[in-house]
Amino acid sequence: MIFESRMYDELQPGMSAELRRLCTADDIYAFVAATGNHNPMHVEHQDAEGQKAQPLAPGLFVASMLSSLLGSILPGPGTRYRDQTLSFHDYVQAGEELVAKVTVHSKEASGIVLLNTEVRRVGDDALICSGQARVHAPEKYIRYEEIDAPGLIVQRHRHFEKLLDKAEDLPELATAVVCPEEQTALEGALISAERGLIKPILIGKPEKIEAAAKALGKSLADYEVVEMMTHRDAARQAVALVHEGRAQAIMKGHLHTDDLLRPMLDKQTGLRIGRRFTHVFVMDVPGVSHPLLVTDAAINIAPDLATKVDICQNAIDLAISLGMETPKVGVLSAVETVNPSMPSSIDAALLSKMAERGQIKGGVVDGPLAMDNAVDIGAARTKGLRGPVAGQADVLVVPGIDAGNMLAKQLAYISHAEAAGVVLGARVPVILNSRSDSAMARLASAAVASIHWNRLSEGH
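Because the structure is predicted, anything quoted here is derived from the model rather than measured.

Cut-offs used in this document
- Residues numbered from 1 in each chain as written.
- Predicted model: local features only at pLDDT ≥ 70, side-chain atom pairs only at ≥ 80, totals over all residues.
- Heavy atoms only, no water.
- Axes fitted to C-alpha atoms, helices over the stretch in contact; angles between N-to-C directions.
- Helix = DSSP H or I, 4+ residues; strand = E, 2+ residues; numbered from the N terminus.
- Parallel < 35°, antiparallel > 145°, perpendicular 65-115°, else oblique.
- Contact = heavy atoms within 4.5 Å.
- Nonpolar A, V, L, I, M, F, W, Y, C, P; charged D, E, K, R; others polar.
- Pairing = 2+ DSSP bridges.
- Buried < 20%, exposed > 50% of the residue type's maximum accessible area, 1.4 Å probe, protein only.

(A) Structural view of the packing of helix α8 (residues 305-321) against helix α13 (residues 439-457). Look at α8 against α13: their axes get within 9 Å of each other, and the N-to-C directions meet at 95°. Between α8 and α13, the angle falls in the class roughly perpendicular. Of the residues in α13, those in contact with D317, L318, I320 and S321 of α8 are V448, I451, H452 and R455. Of the residues that constitute the contact of α8 with α13, the class distribution is four nonpolar, two polar and two charged.

(B) Geometry of the sheet that holds strand β2 (residues 16-22). Read across the open sheet, the five strands follow the order β2-β6-β7-β8-β5; overall the sheet is antiparallel. Since the sheet does not close on itself, it has two edges, and those belong to β2 and β5 (80-88), each with one partner. Mean inter-strand twist for the sheet, computed between neighbouring axes without regard to direction, equals 20°. Contacting β2, β5, β6 (97-107), β7 (112-121) and β8 (127-136), helix α2 (residues 59-72) crosses the sheet at an angle of about 55° to β6.

(C) Looking closely at the pairing of strand β19 (residues 418-424). Within β19, seven of the seven residues are buried, which leaves it mostly tucked inside the rest of the structure. Every second residue of β19 is oriented toward a common face, with E418, A420, V422 and L424 on one face and A419, G421 and V423 on the other, all of them buried. Looking at chain direction, strand β14 (residues 278-284) and β19 are connected through seven bridges and run antiparallel. Bridge pairing in β19 places V280 opposite V422. Relative to strand β20 (residues 430-431), β19 is paired through two bridges, and the arrangement is antiparallel. Looking at β20, one finds that V422 is bridged to I431. Here β19 hands over to β20 after five residues, with G425 in that stretch at a positive phi of 105°.

(D) Just the sheet that holds β20, in detail. Strands sit in the order β12-β11-β10-β13-β20-β19-β14-β15-β18-β16-β17 across an open sheet of eleven strands; the sheet is mixed. Each end of this open sheet is capped by a strand with a single partner; those strands are β12 (224-227) and β17 (364-369). Sheet topology places strand β16 (residues 328-332) next to strand β18 (residues 395-397); three bridges connect them, and they run parallel. By the bridge assignment, V329 is partnered in β18 with V395. Contacts from α8 reach β14, β15 (292-295), β16, β17, β18 and β19 within the one sheet, and its direction differs from that of β14 by about 45°.

(E) A look at the pairing of β14. Along β14, seven of the seven residues are buried, which leaves the element largely enclosed by surrounding structure. Burial along β14 is two-sided: the face carrying T278, V280, V282 and D284 and the face carrying H279, F281 and M283 are both buried. Where β14 lies against β15, three bridges are found, and the strand directions are antiparallel. Considered in β15, the bridge of V282 is made with L293.

(F) Structural detail: unusual backbone geometry. Backbone torsion omega between L74 and P75 reads 5°, so that peptide bond is classified as cis. For the bond from G367 to P368, the omega torsion is 5°, close enough to zero to count as cis. Here P368 is to be found in strand β17. Positive phi, close to 60°, is recorded for D125, a residue that is not glycine. With respect to the helices and strands, the residue D125 is situated in the loop between β7 and β8. With a relative accessible area of 49%, D125 lands in the partly exposed category. The phi torsion at H416 lies on the positive side, around 65°, for a residue other than glycine. Within the secondary structure, H416 sits in the loop between α12 (401-413) and β19. A relative accessible area of 40% places H416 in the partly exposed class.

This is how it looks when you write it as structure tokens:
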């Protein structure tokens with residue numbers, strides 16, 4: 001689009017210009033972050049009837065459309081504000097389309113122009129705001145194409161918020177929390193309980209658990225505490241609670257993952273169900289339109305083909321629980337063609353064929369795919385890839401733990417994603433959080449476990 005100035009001599013009363021814009025929640029959040037306007041009405045909130053309502057646009061956000069119109073179209077580049085009056089007549093919610101209009105009213109001396117201004121809602125033509133603007137018209141002619149301004153990604157975790165809403169409607173998940181003997185480990189369990197996601201059974205040294213609660217300013221009066229003096233015994237007790245039917249999930253506290261999983265892997269007394277244990281990160285990546293599952297980035301170091309079959313199947317089952325009807329699984333390698341010198345590309349091709357033959361069920365599996373043409377439709381089309389997975393994968397299966405760990409942490413620390421972590425393949429989901437995880441990541445992990453368990457308990 002070309003932008004050019006309308007000089008003072010060109011402007012005549014009655015000249016007008018319009019600008020349309022869809023008001024999105026991300027637009028409002030970006031404006032709120034930039035201006036520091038933390039009115040809770042400008043985020044998702046409850047209305048007077050207790051229903052979830054979309055963010056309301058601040059008045060100055062609506063007025064900014066007029067500023068954009070004046071500065072880019074009429075009079076255009078080089079326009080300078082002198083003063084403006086505004087009256088607001090109605091409110092704007094995210095999802096509504098607006099049209100701003102300015103009309104030249106009159107011209108004053110010294111290059112000053114008076115314009116009538118208004119913003120209306122598309123659809124019902126409701127008047128949102130109106131007023132007048134006095135501007136200094138451009139003093140010299142300027143013409144340019146659109147400015148290459150930096151792009152913005154709003155760090156908002158809408159996918160996790162939807163998962164939390166879904167999980168909060170489910171029964172509390174009875175969860176054995178193993179060794180919550182440190183503040184961050186205990187906090188994850190308690191905030192999940194306060195949101196109604198889980199009903200924790202705290203297993204470990206009571207004095208350490210109580211000290212952690214005191215440091216958090218929390219009371220344990222409503223929670224069961226089971227005394228176990230070693231990490232090994234605490235992990236075994238969690239498995240026993242599952243066998244007794246008292247626990248429907250296990251949550252990692254302040255102990256090593258190997259110590260947590262070892263009693264679950266016991267062939268006689270553990271929680272095996274015939275598949276390998278695999279880990280899935282459910283990632284909420286800003287700018288990505290759906291949750292992105294990354295597997296296995298935490299347990300299986302150098303998985304062979306048989307292990308990758310279980311990795312794929314566990315991830316597909318979880319994705320279906322989360323609402324993906326037919327999950328699209330991209331098996332990653334460094335290239336999108338089979339290279340006999342690159343074992344990961346061979347495994348990817350075999351997994352794709354196994355899914356075609358029904359050896360992996362419930363999803364569409366394709367590979368090998370490089371990272372770019374697994375998640376970007378443009379990159380996939382450039383490489384001539386037109387399958388149902390290329391460029392739109394829901395699940396990313398990595399070649400090994402090195403690649404998976406790097407990918408997950410790059411998404412978390414560079415792309416500002418949040419990651420919920422669960423272990424699958426056991427009789428119950430295992431909630432696996434890191435000490436560095438945020439409160440949202442801990443809540444989302446509990447929500448994912450709850451949603452998956454409820455689907456499994458229904459016989460799916």
